[in-house]
Amino acid sequence: MANRKSPCCGLSSLEVTLTVLFILMSAVSLTLITLMAAGDTDTGLDPPQQPYLIGVGRADCTGPPADIPLMGYANPQQTAAGIHTRLFSRAFIIDDGRRRVVFVTVDVGMISQRLRLEVLEALQVKYGDQYRQDNVVLSGTHTHAGPAGYFQYTLFMISSKGYIRSAIQPLVDGIVRSIEKAHCNMRLGRIFRNRGELEDSSRNRSPHSYLNNPEDERHRYKHNTDNQVVVLKFTDLNGQDIGMLSWFAVHAVSMNYTNRMVSSDNVGYASYLLEQCKNTGAPPSQGTFVAGFSSSNLGDVSPNTRGPRCVNTGLACDYLNSSCPDGGTKMCQAFGPGEDMFDSTRIIAHNMYRKAKELYATAAEEVTGALHSAHQWVNMTDVSVQLNDTHMVQTCKPALGHSFAAGTTDGGGDLNFTQGALEGDPFWDGIRDTLLGKPSNQTQECHRPKPILFNTGEMNWPLPWHPQIVDVQIITIGSIAVVAVPGEMTTMSGRRLREAVKQELQAGGAFRDLEVVIAGLSNVYTHYITTYEEYQVQRYEGASTIYGPHTLSAYLHRYRGLARAIAQDKVSELPLGPPPPFFQENLFNLLPAAPVDRKPYSSSFGDVLQQVYPVYKQGEVVSVTFVAGNPRHSGDIRDKTFVAVEMYDNSTNTWEVVHTDASWETRFHWLKGSNRQSNATVEWHMSPQTPTGSYRIKHFGHYKRMEGLRPIIAPYEGVSDVFRVAASFYPQ
């Protein structure tokens, strides 16, 4: 007998049963697959919120390019006298719908505690509690060619001519403005990550210290520097480019200690190149695409890839103490890959730019997941760490060793100090004891084997010489963890920190496929952070590890705590720690007011002293010199220019600006002469592809004069003769 069919769709009861079971099994399987896929891509504690809200912003933060010491080489005689390239703050804001984080990379030597506090104060006034110490990271690119004067601790004020309001205000305003722009430009978008290796752009400047690390640890790594480049690619939902953020470990010291011009150095120029590439046709510093190149664990990493040699003999420097038989440490200088410091800056910057551009173009791994931020203030003079069952170690009051005064092969000291000093010098110790006081036995013992030159932790007049309260901070963006480090970590220190943070975040499975990056020179400056083993050698980096031999252990302990709190979703339980001071009294300024400007007899400000030639060949250097005032009289110079290169447009019969002092091609030199007279020389370094045509160069400035007893600041303008740029001097 044939089976009876169900009246529904003509199916038998068996067929109906099997169909229902098939649908149920399919649904269960699909659900399991979905859950497994979600588990594989979940990189945070909360369900991933996609897409992110993303905002990017860039703002000029260039300070006075005259008289103020440049921050980095600690040479008060290296004062600003012009502009090579302008300085910028670049901000990136990411929001997952529940939390928001901000990362800012600034063309500045380092972020000082005072600078961070003033920025946070300005943000609080404008945005309330939206941007705070726990979700805002400020990181310096470590250029050594930006104006100093933005510190509140005595040691830095002494080497910077004090706390200079006109120097710190452009930084505060520029950083806040970049965040404002990012805040106003937020839109839905996506983030992708990529990483690669960049060779021939860095060199370890203290290989002897590095070799003191355990052999088995060193064998885990191919190089004695970290050559990886990490790139984050930001796009909108249509795939339109928004910005890029990258990290690479190298000192921004291609511009050496003889430079007198404000410059963003190799890192800033890499940003310039990528922004020019993406913002097609836009003038420098214009356009919506923002490219941030950030510092990392660069403490022992130099861009001077040809290494050091004795400049007076051409022979190799002493390997252990980087000095020369005749001339000491000052004669032992490292050299970059180029013909001069400008060429070396160009080469290193182009290397960084090309690698970042390549990684940006091929970035396909999407970053998803929740955002987190954790922050604490820590008294770094009083951190105890249990290393094992029997050993407890302690940090120290700040102190700098004798080798600090020796400098590095990127910029040696002027006196007879050498790197690697394990004993003090009776002459210098006697001067120290007389002028500053002898270090206590406790401090000397705590810092051993460092012979102390400056016992800064015991020096508090007129203000403390070094910070005690330090920021430690981690932000996570899905599978990316950014560790904000308040100083210059060496290569191996950074490796240990990345490993420690990664272990804590991945414990328990909350984070997978994690990329941990070090953001150096962040939030407050505390000099260097070496490993315990590197500290024993007492080269410059070890002598500048101010909290003693166990500084790295203390940081590892603290950052592990932050990472653990994020992984266990217990950030709210973290104690805030003791807040840092914001000094209102005893800040001092040793920079006198800029005097009244004078000019040669029967001339005016802006007059040309040395005129251009009538014709130049493509690729040559055009130079013109003007009667000038002190650039400090121009006040806030952000988003302005001292220089304009203009080309005549025959089709419109107008002059069009093709370059300003924000352009790589221009150099603005200010020369302070005798009798309060100043000159300004503008150079235009043309590329071989410069369009032929008619050009002129303008110079803008201000001068001070007196009307009775009242000072008057007045603007002036100068313009060169018209000159022609040709492919050849000969008629074609």
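To start, this report covers the structure provided alongside it. (Residues numbered from 1 in each chain as written. Predicted model: local features only at pLDDT ≥ 70, side-chain atom pairs only at ≥ 80, totals over all residues. Heavy atoms only, no water.)

1. A look at unusual backbone geometry
The peptide bond linking Arg-448 to Pro-449 adopts the cis configuration, its omega dihedral lying at 15°. Relative to the helices and strands, Pro-449 is located in the loop between helix H10 (441–447) and strand S23 (452–454). The residue after Trp-461, namely Pro-462, is reached through a cis peptide bond having omega -5°. Counting through the fold element by element, Pro-462 comes out in the loop between S23 and strand S24 (469–477). (Helix = DSSP H or I, 4+ residues; strand = E, 2+ residues; numbered from the N terminus.)

2. As for the pairing of strand S36 (residues 693–707)
Side-chain direction in a regular strand flips from residue to residue, so the side chains alternate between the two faces of the sheet. Pairing between strand S32 (residues 643–649) and S36: five bridges, direction antiparallel. Note on S36: the bridge partner recorded for Met-647 is Tyr-695. Inspection of the sheet shows S36 paired to strand S38 (residues 723–726) by three bridges, in the antiparallel sense. Bridging from a neighbouring strand, Tyr-695 pairs with Phe-723 of S38. For S36 and strand S37 (residues 710–719), the ladder comprises 10 bridges, and the chain directions are antiparallel. Bridged to Met-706 within S37 is Pro-711. Where S36 folds back onto S37 in an antiparallel hairpin, the turn is made up of two residues, including Gly-708, whose phi is positive at roughly 70°. (Pairing = 2+ DSSP bridges.)

3. Some remarks on empty space enclosed by the protein
Think of a ball as big as a water molecule: rolled over the atoms, this probe shows where empty space is left. Across all of its chains, the model carries five cavities of 30 Å³ or more by this definition. Reported here for the largest cavity is a volume of approximately 110 Å³. Taken together, the elements giving at least two residues each to the lining of the largest cavity come down to strand S4 (88–95) and helix H7 (265–278). Among the elements that line the lining of the largest cavity, the one with the most residues is H7, at five residues. Considering only residue class, the lining of the largest cavity consists of five nonpolar, five polar and five charged. There is about 90 Å³ of room inside the second largest cavity. Together, 13 residues line the second largest cavity, and Gln-228, Val-230, Trp-247, Ser-296 and Arg-498 are the ones closest to its centre. Of all the secondary structure elements, the ones that give two or more residues to the lining of the second largest cavity are strand S10 (228–236) and strand S27 (515–519). The biggest single contributor to the lining of the second largest cavity is S27, with four residues. For the lining of the second largest cavity, the per-class residue count stands at seven nonpolar, three polar and three charged. (1 Å grid on protein atoms, 1.4 Å probe; cavity = no way out; pocket = protein on both sides within 12 Å on 5 of 7 lines; lining within 4 Å. Points joined across faces, edges and corners; volume = space filled by probe spheres on them. Nonpolar A, V, L, I, M, F, W, Y, C, P; charged D, E, K, R; others polar.)

4. Things to note about the layout of surface pockets
Quantified by volume, the largest pocket comes out at close to 1,200 Å³. Lining of the largest pocket is provided by 43 residues; of these, Tyr-73, Ala-74, Phe-404, Ala-405 and Phe-454 occupy positions nearest its centre. When contributions to the lining of the largest pocket are tallied by element, the ones reaching two or more residues are helix H3 (154–159), strand S21 (407–408), strand S22 (411–412), helix H9 (426–435) and S23. Across the lining of the largest pocket, the residue classes break down as 25 nonpolar, 12 polar and six charged.

5. Quick notes on helix H11 (residues 491–506)
For H11, with 16 residues, the first-to-last C-alpha span of 23 Å sits near the 22 Å given by 1.5 Å per residue. The buried count for H11 comes to 12 of 16 residues, which makes it a mostly enclosed element. Looking at H11, one finds that the buried residues are Thr-491, Met-492, Ser-493, Gly-494, Arg-495, Arg-496, Leu-497, Arg-498, Ala-500, Val-501, Glu-504 and Leu-505. Taken from the residues just after H11, Gly-508 is the one with a positive phi, measuring 90°. (Expected span 1.5 Å × (residues − 1). Buried < 20%, exposed > 50% of the residue type's maximum accessible area, 1.4 Å probe, protein only.)

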